[in-house]
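Chain residues, written in single-letter form:
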Amino acid sequence: MKTSTLSRRQFGLGLGALTSTALVPMRTKAAQRYDVIVIGAGLAGLNSAVLLADAGYKVKVLEGKGRVGGRVETGYGLETRPELGASQIGRDYARVLYTADRFGLELIPEDRDLLTFSSYLDQTWTRAEDWQNAPQNPLEGEDREILPVMLGPRLLGRHNPLEDLEDWLSPKFAHLDISAYALFKQNGYSDDVIKFAGLNVMANDMYSASCLTMMQDQHRGRWAIKNFASGAKVVDAPYGFTEVKTGATQGLAVVSNIKEGCEALPKAMAAHLGDGAVELNKIVGHVDMDKTGVTVETLDGSRYAADYVISAIPFTTLRRVNITPGLPPLQTKAVHELPYSNTSRAHLLIKEPFWKEDGLDPSFFTDGTIKMFWAVDNHTGEGAHVGYMVMTGDAASRIDMMSPPQASAFLMQELERIRPASKGKVEMVGFKSWENDPLIRGVRHSFAPGQVTAFASEMKKPYMRMHFAGEHTRTYAIGMEAAMESGERAAIEIIDRTA
């Protein structure tokens, strides 16, 4: 066992340049011995592994898929090379930026300006410029200017009192551990307003997610703008996240991507660990712990022994792993009950700007099968554009009842039905459902009402020799940075207890 003399402060300064059913194995083999075993080769697990390896620990990473990256996945084989998962790197993502720079990855400004949105609600089209005076607009006064695609996030933001990045975990705000529906009703919004607001509330629906987790996302975005995007123009995005754009042509962009594709980041991290440190296609079935160490067993019968283990996989996957002794009650409840929100996305090539024919806005938002159609500005107005069909929540779950080829064909038929001008001018490039990804089962965690108060702080605490990482265990960050933050925390926990 590596005995480290690295203190928490020294470790932080070294990094801070930028300030259920158990799965049963088929057979057994002799265990291989390590200091730490990391389960999962997403950003969280890889960050833990890199930091521990750099501190002198012998680390093994076990990944169930045939690739590293988790929910960071670049469609290298698809036209337009879309990002199928995580894609945006904020200027406040210190750990992501540091790691990309360390491994020589080039950042480029994010270029995903969405063209304006029409609305297709109750089978009626309304252009963005006409929404304010539309008869189906249920809002009053200045609120009538809020487009349906932004209504849920706007109303949530009005009642978001968070001031510090960890306020969402404070007992002071426990009264907000309720659904968006309950929040809107408490504040006197009409049923018609709530109906429209519920179409896009940054969760599966307005009933099943805690306001606290949505408010933390919003507040983290505000904090980033205040501290890292001074002077930039604020732009409301249809997902409810606040993005910023800047005219600067030099230096670090407000929002960046990795030129080689975001999947290049976990690939570089895995390569840094060296040959054999990361094993792919190793689905973990058992984790057995006692006072002397941990044994991890995979479905192919391979066995690995270590002093400690870090679980860096989603709870949707961990709940299928047999852990002995069993987790404490609150952690067991969290692992088996924490919901994950759903997103399915069709990646498109818009060969011609068909909106010039039908007179509607290029992008649109609906209460039907296609929840959102995003047309990305190519900055010329002519020729080909990148596009997406984005289904979230129940809309995604309905599409996910089909196979990917069936879903792709159906979505193209539906697009042509509601916007005939698109026929022959849009090509399906690829389709990705995170709900149907077998070792992921959801695009991100989404605490249900009451769960933040019940176990958000408890579920990430070490148990015996097991530590926990993953974006679902975050405290301060969001997105890719949340995964990196959690991996750093788990690594520091092990360094502290072995120093």
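Here's a quick rundown of the structure. Throughout this document, residue positions are counted from 1 along each chain, in the order its sequence is written. Selection of residues for local features in this predicted model requires a pLDDT of at least 70, selection of side-chain atom pairs for listing and counting requires 80 or more, and totals for whole chains, interfaces and linings are taken over all residues. In computing side-chain properties, one takes all heavy atoms of the structure into account and sets aside hydrogens as well as water.

## A closer look at the overall build of the protein
Note the cut-off: Runs of E in the DSSP output that reach at least two residues are strands. Runs of H or I that reach at least four are helices, and both are numbered from the N terminus. Between buried and exposed lies partly exposed: a residue is buried under 20% and exposed over 50% of the maximum accessible area for its type, with that area taken using a 1.4 Å probe on protein chains only. Surface accessibility follows the Shrake-Rupley procedure with a 1.4 Å probe radius. Residue values consider only the protein chains on display as shielding.
The helix and strand tally for the protein stands at 15 helices and 22 strands. The buried share of the protein, reckoned over its 499 residues, is 58%. For the protein, the exposed area adds up to about 20600 Å²; of that, 51% sits on carbon and sulfur atoms.

## Considering the sheet that holds strand β4 (residues 107-109)
To be explicit about the condition: Note on pairing: DSSP must find at least two bridges between two strands before they are called paired.
The strand order across the open sheet built from three strands is β3-β9-β4, with neighbouring strands paired in antiparallel fashion. Either end of the sheet is taken by a strand with one partner, and the two such strands are β3 (89-90) and β4. As paired strands, β4 and strand β9 (residues 255-258) are joined by three bridges and run antiparallel to one another. Bridge pairing in β9 links Pro 109 to Ser 256.

## Section: helix α10 (residues 329-337)
Defined as follows: Note that the arc is computed from the directions linking the helix axis to the C-beta atoms. In what follows, a contact means two residues having at least one pair of non-hydrogen atoms within 4.5 Å.
Looking only at α10, the buried set comprises Gln 331, Ala 334 and Val 335. Angular distribution of buried residues about the axis of α10 spans 95 degrees; they occupy a single face of the element. Looking at the buried residues of α10, the elements they touch are α9 (315-318), α14 (451-455) and β22 (466-468).

## Re helix α8 (residues 264-273)
Extensive coverage of α8 is indicated by the burial of seven of its 10 residues. Its buried side turned inward, α8 meets α2 (43-54), β2 (59-62), α3 (94-102), β9, β10 (278-279) and α15 (479-498). Downstream of α8 by one or two residues, Gly 274 has phi in the positive range, about 100 degrees.

## Thoughts on the packing of α2 against α8
When two helices pack together, their arrangement is given by the angle between the helix axes and the distance between those axes. Formally: All axes here are fitted lines through C-alpha atoms, helices being fitted over the stretch that makes contact, and every angle between N-to-C directions spans 0 to 180 degrees. What sets the label is the angle itself: under 35 degrees gives roughly parallel, over 145 gives roughly antiparallel, 65 to 115 gives roughly perpendicular, and the rest give oblique. Take the far helix as the reference: if the near one is turned anticlockwise from it by less than a right angle, the crossing is left-handed, and if turned clockwise, right-handed. Nonpolar residues are Ala, Val, Leu, Ile, Met, Phe, Trp, Tyr, Cys and Pro. Charged residues are Asp, Glu, Lys and Arg, and all others, Gly as well, are polar.
Here α2 crosses α8 at 30 degrees, and the two axes come no closer than 10 Å. Relative to α8, the element α2 lies roughly parallel. Pair α2 / α8 crosses with left-handed handedness. Counted together, Leu 43, Leu 46, Asn 47, Ala 49, Val 50, Ala 53 and Asp 54 of α2 and Leu 265, Pro 266, Met 269, Ala 270, His 272 and Leu 273 of α8 form the full contact between these two elements. When the residues that make up the contact of α2 with α8 are grouped by side-chain class, the tally is 10 nonpolar, two polar and one charged.

## A short note on the pattern of salt bridges
Quick note on the threshold: For this document, the term salt bridge refers to a Lys or Arg side-chain nitrogen within 4 Å of an Asp or Glu carboxyl oxygen.
Under the defined criterion, the tally for this structure stands at 32 salt bridges. As a salt-bridge pair, Lys 259 and Glu 106 come within 3.7 Å of each other at their nearest N and O atoms. Placement of Lys 259 in the loop between β9 and α8 and of Glu 106 in the loop between α3 and β4 is noted, with a sequence separation of 153 residues between them. Owing to a relative accessible area of 41%, Glu 106 belongs among the partly exposed residues under this scheme.

## Some words on the environment of His 385
As for its placement among the helices and strands, His 385 is situated in strand β19 (residues 385-392). Residue classification places His 385 among the buried positions, given a relative accessible area of 3%. Between the C-alpha atoms of His 385 and Val 426, which are 41 residues apart in sequence, the distance is 9.4 Å. Apart from residues lying up to four places away in sequence, His 385 is in contact with Leu 115, Leu 348, Leu 349, Ile 350, Pro 353, Trp 355, Val 376, Asp 377 and Asn 378.

## Side note on the sheet that holds strand β5 (residues 117-121)
The strand order across the open sheet formed by seven strands is β6-β5-β17-β18-β19-β16-β20, and the pairing between neighbours is mixed. Only two strands of the sheet have a single neighbouring strand rather than two, namely β6 (124-126) and β20 (426-433). Sheet twist, expressed as the mean angle between neighbouring strand axes with direction ignored, is 20 degrees. Here strand β18 (residues 372-375) runs beside β19; their pairing, made up of four bridges, is antiparallel. Residue pairing across strands places Met 372 opposite Val 390, the latter belonging to β19. On top of the sheet, helix α13 (residues 404-418) reaches β5, β6, β16 (343-350), β17 (363-366), β18, β19 and β20; it is set at about 135 degrees to β20, its chief contact.

## Looking at the side chain of Asp 167
We apply this condition: In this tally, Asp and Glu contribute negative charge and Lys and Arg positive charge; neither His nor the terminal groups of the chain are included.
Mapped onto the fold, Asp 167 is located in the loop between α4 (148-158) and α5 (180-186). Here Asp 167 is buried and forms no salt bridge, its nearest opposite-charge partner Lys 172 lying at an N-O distance of 6.2 Å. Every residue in contact with Asp 167, bar those within four places of it in the chain, is listed here: Leu 162 and Phe 173.

## Details of the pairing of β19
Among the eight residues that make up β19, seven are buried, leaving the element largely enclosed by the rest of the structure. Judged from the eight bridges that link them, β16 and β19 form a sheet pairing that is antiparallel. Bridged to Leu 349 within β19 is Val 386.

## Concerning the nonpolar core
Our working rule: The nonpolar core is taken to be a set of buried Ala, Val, Leu, Ile, Met, Phe, Trp, Tyr and Cys residues, with the residues joined through side-chain atoms within 4.5 Å.
Residues Phe 184 and Val 287 are the most contacted members of the largest nonpolar core, which totals 70 residues. Of all the elements, α4 adds the most residues to this core, at five residues. Excluding residues within four positions of it along the chain, Phe 184 makes contact with Gly 152, Leu 155, Leu 156, Tyr 189, Ile 194, Ala 197, Val 201 and Met 206. If you look at the next biggest cluster of nonpolar residues, it comprises 44 residues, including Ala 44, Leu 97, Ala 483 and Ala 490.

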